[in-house]
Amino acid sequence: MNLTKRTSFKQHLLLSSLLFGLFFGAGNLIFPIHLGQMSGQNWVPATLGFVISAVLLPLFSILALSVTKSKSMYDVALPVGATFALLFLIAAHASMGLFIGSPRLATVSFTMGVKPFLPNESWSHPALFVFSALFFSLIVYLAYNQNSIVNSVGKILNPLFVGLLFFLFFVAFVVNGDLTNLPLMPAAGKGTGSFINGFLEGYNTMDALAGLGFGVTIITALKVFVKDEKKHAWSVAKVGFFALGFEAVIYVLLIALGVASLAYTKMSVDGGTAFTIIMRHYTGAAGAAVLAALTFLACWTTALGVLQSFSQDLGNRFPKVGYHKFLFFSNFVAFCIANFGLDQIILFSLPVLVFLYPLAITLILLALLHHFIGKNGVVYKVTMGLVLVPSVLDTLHALPPVLHGPFVGLDAWCNTHVPLFSMSLDFIPFMVVGFVVSVLYVKLSGKSLRKDN
């Protein structure tokens, strides 16, 4: 009996390591550090906001799969309607895997780990082409066998990645003692603004969307260990708690690292540049090499997860095409987009995120209320329908300057008439109103909320 318990714990620990590796990618490294530099003295409330959106929301997405016994993102969105579920599935996975997430992972990995070693700028484009080809080819090779991801990521890459990261923390906070100099109290009147900024910065990790997508990978891996289907949901929940709790600790340390860096450098343009400066400050010439390895491992393991999840979900929806064809297709598209460069990818990613995130958050929260509302179609459709309005408004507001011109007047009107629009949290009142109105309608109609209609 004891052996069985120990084996079960090891299995959950292995899958937690897998989930951590899938979540923790390029954005998870560079955005917390940049947030620390931007927040400075106000880093504590900013950290709290970041942890809520970058840790709690992804954890809630895993729990949403668990509570509703869903096998994919499609199942979570299905109460809104089959058409919406399919479109949301494609849009979310396309943004994570094809158009934003994976191309960004490859280009950030290249920018931080390879580009500093090139003789001159003219080498950048051909070097990016070769690097990204190898990057995505390796993903296809290891993801071809769906279950091999447990051994290739969970057992080998994650311990090495975590070891490199904690080496940096040890040098910065133990050897140099920079942790003791961090301010703990925010400036007067700056706490709320810093909290909101940290919350919105957590969007950039894309982990709430990723949580819905990675659930299918975790469930597929769990089938190897857990034969009783009734235990799958609880196992997914435990794996999420272990992985994301550990991730929260790392986020706090990365943000603190960014704050501490202000003592020896000015605020950088982005987190990637800041990370490079920090590594060189603490480790000298060896820092660039450590940074290259650290970044590649973080970026590549996450890209492996999102592209495999994309291929699994669409392979299940379109069995005639199949998993392997989607795997080759998704990696090829991501490779092509990566070669446009990091700046262009980031420029066009924000409108997509502010459109999808309110929808994803609403779906997750509705799923967590499963014991009260079930899969009630009225509640889901009314709530999601209202949230779609601020999602569209925020998308227009976030368009790049070259496309934003015609919507300047709409921005001014929304700032005056739409609550929380200026903070990009305007979906919250729409979500609350939609939920309350739909629940009251169902109750007054004499129907059961728990009825799946």
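For clarity, every value in this text was computed on a predicted model and none was experimentally measured. Sequence order as written defines the numbering, with residues in each chain counted from 1. In view of the model being predicted, local features appear only for residues whose pLDDT reaches at least 70, and side-chain atom pairs are presented and counted only at 80 or more, with totals across whole chains, interfaces and linings using the full set of residues. Excluded from the side-chain calculation are hydrogens and water; included are all heavy atoms of the structure.

## Some points on the overall build of the chain
(1) Moving on: Put simply, DSSP H or I for four residues or longer makes a helix, DSSP E for two residues or longer makes a strand, and each gets a number counted from the N terminus. Of regular secondary structure, the chain possesses 20 helices and zero strands.
(2) Moving on: Only protein chains enter the area calculation, which uses a 1.4 Å probe; residues under 20% of their type maximum are buried, those over 50% are exposed, and those in between are partly exposed. When burial is assessed residue by residue, the chain has 57% of its 453 residues classed as buried.
(3) Moving on: Shrake-Rupley sampling with a 1.4 Å probe provides the accessible areas, and residues are treated as covered by the protein chains on show and by no other component. Accessible area of the chain: about 19,400 Å², with a carbon and sulfur share of 70%.

## Quick look at the packing of helix 15 (residues 342-368) against helix 17 (residues 377-397)
(1) Moving on: Interaxial distance between helix 15 and helix 17 falls to 8 Å at its minimum, and their mutual angle equals 160°. Looking at the two axes, helix 15 sits roughly antiparallel to helix 17. Where helix 15 crosses over helix 17, the two elements pack in a sense that is right-handed. The segment helix 15 lies against helix 17, with P351, V354, F355, P358, L359, T362, L363, L366 and A367 engaging V379, Y380, T383, M384, V387, L388, S391, V392, D394 and T395.
(2) Moving on: The residue classification treats Ala, Val, Leu, Ile, Met, Phe, Trp, Tyr, Cys and Pro as nonpolar and Asp, Glu, Lys and Arg as charged. All others, Gly included, are polar. Split by residue class, the contact of helix 15 with helix 17 holds 14 nonpolar, four polar and one charged. Axes here refer to lines fitted to C-alpha atoms; in helices the fit is confined to the stretch in contact. Angles between the N-to-C directions go from 0 to 180 degrees. Roughly parallel means an angle under 35 degrees; roughly antiparallel means over 145; roughly perpendicular covers 65 to 115; every other angle is labelled oblique. Two helices that cross are described as forming a left-handed crossing if the nearer one is turned anticlockwise from the farther one by less than a right angle, and a right-handed crossing if clockwise. We call two residues contacting when some pair of their heavy atoms lies within 4.5 Å.

## Re helix 17
Structural remark: α-helix, 3.6 residues per turn; residues separated by three or four positions point the same way.
(1) Moving on: Along its 21 residues, helix 17 runs 30 Å from first to last C-alpha, staying within 8% of the 30 Å computed at 1.5 Å per residue.
(2) Moving on: Regarding helix 17, the residues found buried are G377, V379, Y380, T383, M384, V387, P390, S391, L393, D394, T395 and L396.
(3) Moving on: Each polar contact in these results corresponds to two N or O atoms within 3.5 Å; when the atoms are within protein, one needs to be able to donate a hydrogen and the other to accept it, and residues that are neighboring in sequence are counted only if both atoms are side-chain atoms. The backbone nitrogen of V378 lies 3.0 Å from a side-chain oxygen of the residue at the head of helix 17, namely N376. Multiplying 1.5 Å by the helix residue count minus one yields the expected span of that helix.

## Some words on the packing of helix 5 (residues 82-99) against helix 15
(1) Moving on: Here helix 5 crosses helix 15 at 140°, and the two axes come no closer than 11 Å. When the axis of helix 5 is compared with that of helix 15, the two are oblique. When the axes of helix 5 and helix 15 are compared, the crossing they make is left-handed. Contacts from F84, F88, A91, A92, S95 and F99 of helix 5 reach helix 15 at I345, V352, L356, L359, A360 and L363.
(2) Moving on: Within the contact of helix 5 with helix 15, the residues separate by chemical class into eleven nonpolar, one polar and no charged.

## Here we look at the side chain of S53
(1) Moving on: Along the chain, the position of S53 falls in helix 3 (residues 43-67).
(2) Moving on: Here F199 takes part through its backbone oxygen, which lies 2.7 Å from a polar atom of the side chain of S53.
(3) Moving on: Residues within four places of S53 in sequence aside, it is in contact with P58, G198, F199, G202 and Y203.

## Considering unusual backbone geometry
(1) Moving on: The phi dihedral of M206 is positive, around 65°, even though this residue is not glycine.
(2) Moving on: Given a relative accessible area of 3%, M206 falls into the buried group.
(3) Moving on: In this structure, L420 takes a positive phi of about 65° despite not being glycine.
(4) Moving on: Checked against the element boundaries, L420 lands in the loop between helix 19 (408-417) and helix 20 (427-444).
(5) Moving on: The partly exposed category is assigned to L420, whose relative accessible area is 34%.

## Observations regarding the nonpolar core
(1) Moving on: Buried Ala, Val, Leu, Ile, Met, Phe, Trp, Tyr and Cys residues form a nonpolar core when they are joined through side-chain atoms within 4.5 Å. By size, the foremost hydrophobic cluster in this structure holds 133 residues, and its most contacted members are F24, F88, F135, F136, F161, L165 and F275.
(2) Moving on: Here this core takes 15 residues from helix 11 (residues 232-261), the largest share from any one element.
(3) Moving on: When residues no more than four places from it in sequence are discounted, the contact partners of F135 are L105, A106, S109, F296, C299, W300 and A303.

## Focus on the environment of F20
(1) Moving on: Summarising the element assignment, F20 is placed in helix 1 (residues 2-23).
(2) Moving on: Classification of F20 by relative accessible area gives buried; the value is 4%.
(3) Moving on: Setting aside residues no more than four positions away along its own chain, F20 makes contact with F161, V162, A243, F246, E247 and I250.

## So, the packing of aromatic side chains
(1) Moving on: Aromatic contacts are taken between Phe, Tyr and Trp rings whose centres are within 6.5 Å, Trp giving its six-membered ring; a plane angle under 30 degrees counts as stacked, one over 60 as edge-to-face, and the others as tilted. Counted according to the given criterion, the structure contains 18 aromatic pairs.
(2) Moving on: Taking the centre distance of 5.8 Å and the plane angle of 15° together, the rings of F84 and F88 count as stacked. With F84 and F88 both in helix 5 and four residues apart, this pair spans about one turn of that helix.
(3) Moving on: Seen from their ring centres, F135 and F136 are 5.0 Å apart, and the 75° between their planes marks the pair as edge-to-face.
(4) Moving on: Residue classification places F136 among the buried residues on the basis of a relative accessible area of 3%.
(5) Moving on: Taken together, F110, F131, F135, F136, F296 and W300 form an aromatic cluster joined through their ring pairs.
(6) Moving on: By the criterion adopted, a ring carries a charge over it if an Arg CZ or a Lys NZ lies within 6 Å of its centre and within 35 degrees of its normal. Above the face of the Y74 ring, R317 is positioned so that its terminal group lies 4.1 Å from the ring centre.

## As for the confidence of the model for the chain
(1) Moving on: Here pLDDT means the predictor's own confidence in every residue, given as a number from 0 to 100. Across the chain, pLDDT averages 83, with 90% of residues at or above 70.
(2) Moving on: Note that residues 1-7 has pLDDT below 50 and, in this model, zero contacts with residues that lie over four places away or in other chains.

## Re a nonpolar patch on the surface
(1) Moving on: Taken together, L420, I428, V432, V436, L440 and L444 make up a surface patch of nonpolar side chains, about 530 Å² in accessible area.
(2) Moving on: Mapping V432 onto the fold places it in helix 20.
(3) Moving on: Looking at V432, the relative accessible area reads 45%, which means it is partly exposed. Patch members must show over 30% relative accessible area and no salt bridge, and they are joined within 9 Å when carrying like charges or within 5 Å when they are nonpolar side chains of Val, Leu, Ile, Met, Phe, Trp or Tyr. A carboxyl oxygen of Asp or Glu within 4 Å of a side-chain nitrogen of Lys or Arg is what we treat as a salt bridge.

## Thoughts on helix 3
(1) Moving on: Taking 1.5 Å per residue, 25 residues should reach 36 Å; helix 3 reaches 34 Å between its end C-alpha atoms and fits that length.
(2) Moving on: What we call the bend at a residue is the angle made by axes fitted to the seven residues finishing there and the seven residues starting there. Taken as a whole, helix 3 carries its principal kink of about 30° at I52.
(3) Moving on: Directly beyond the C-terminal end of helix 3, a positive phi value near 55° is found at K69.

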